[in-house]
Amino acid sequence: MAGFNKVILVGNLTRNPELRYTPSGTPVASFGLATSRRFKQGDELKEEVCFIDIVVFGKQAEHCGQYLSKGNGVIIDGRLQQRRWETEDGQKRSKHEVVAQGVTFLPKRGEAGGEGGGFHEEPPSYEDEQL
């Protein structure tokens, strides 16, 4: 049976993107994303926050490093990936992260109506770009 691995998230950056380059020169950006959901439990309104690590490659990684900072809102379209490794003392570790295939920048609070400055140029969207 064929599998399907697709993730779409909307949230805010929990830290500034960290931009680095692979030995072959490919740009890689990583950052944290906080997503939340509100729900009612009895008469009380509660909020649950989920923190997700995001990895972006290529030109969009450079744009994320240039345009995004902690607190910015984004829409992430990507796939879930599990990385496994062993520490120096022999302990096995693993972590799940989202490899972004599309990053859409959301306007900052107060900028949606066109007031408050905004970007000096329109940041790119990578929804249709193939890596």
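Our structure is the block above this text.
Residues numbered from 1 in each chain as written. Predicted model: local features only at pLDDT ≥ 70, side-chain atom pairs only at ≥ 80, totals over all residues. Heavy atoms only, no water.

A. Quick peek at the environment of Lys70. You can see Lys70 is positioned in the loop between helix H1 (59-67) and strand S5 (73-86). When the C-alpha atoms of Lys70 and Phe31 are compared, they prove to be 8.9 Å apart, with 39 residues separating the residues in sequence. Not counting the four nearest positions on each side in its chain, Lys70 is found in contact with Leu13, Thr14, Arg15 and Asn16. (Helix = DSSP H or I, 4+ residues; strand = E, 2+ residues; numbered from the N terminus. Contact = heavy atoms within 4.5 Å.)

B. Structural context of the pattern of salt bridges. Under the defined criterion, the tally for this structure stands at seven salt bridges. Residue Arg37 pairs with Glu48 through a salt bridge whose shortest N-O separation is 3.0 Å. Of this pair, Arg37 sits in strand S3 (residues 27-41) while Glu48 sits in strand S4 (residues 44-57), placing them eleven residues apart in sequence. For Arg37, a relative accessible area of 43% translates into the label partly exposed. We classify Glu48 as partly exposed; its relative accessible area is 42%. Between Glu97 and Arg83 there is a salt bridge, and its shortest N-O distance comes to 2.9 Å. Residue Glu97 is located in strand S6 (residues 92-105), and its partner Arg83 is located in strand S5; the two are separated by 14 residues in the primary sequence. Here the residues in one salt-bridge network are Arg15, Asp53 and Lys95, joined through shared partners. (Salt bridge = Lys/Arg side-chain N within 4 Å of Asp/Glu carboxyl O. Buried < 20%, exposed > 50% of the residue type's maximum accessible area, 1.4 Å probe, protein only.)

C. Structural context of the nonpolar core. Membership of the largest hydrophobic core comes to 19 residues, with the highest contact counts inside it found for Leu9, Ile54, Val56, Val74, Ile76 and Val103. For this core, the secondary-structure elements that each account for two or more residues are strand S1 (7-13), S3, S4, H1, S5 and S6. For this core, the element with the most residues is S6, which contributes four residues. Once residues within four sequence positions are removed from consideration, Ile76 is found in contact with Val7, Ile8, Leu9, Phe31, Leu33, Ile54, Val98, Ala100, Gly102 and Val103. (Core = buried A, V, L, I, M, F, W, Y, C linked by side-chain atoms within 4.5 Å.)

D. Region of the structure containing the side chain of Ser30. With respect to the helices and strands, Ser30 occurs in strand S3. Of the polar contacts made by the side chain of Ser30, one reaches the side chain of Arg20; its length is 3.2 Å. Discounting chain neighbours no more than four positions away, the residues touching Ser30 are Asn16, Pro17, Glu18, Arg20, Ile54 and Val55. (Polar contact = N/O pair within 3.5 Å; in protein donor to acceptor, adjacent residues only side chain to side chain.)

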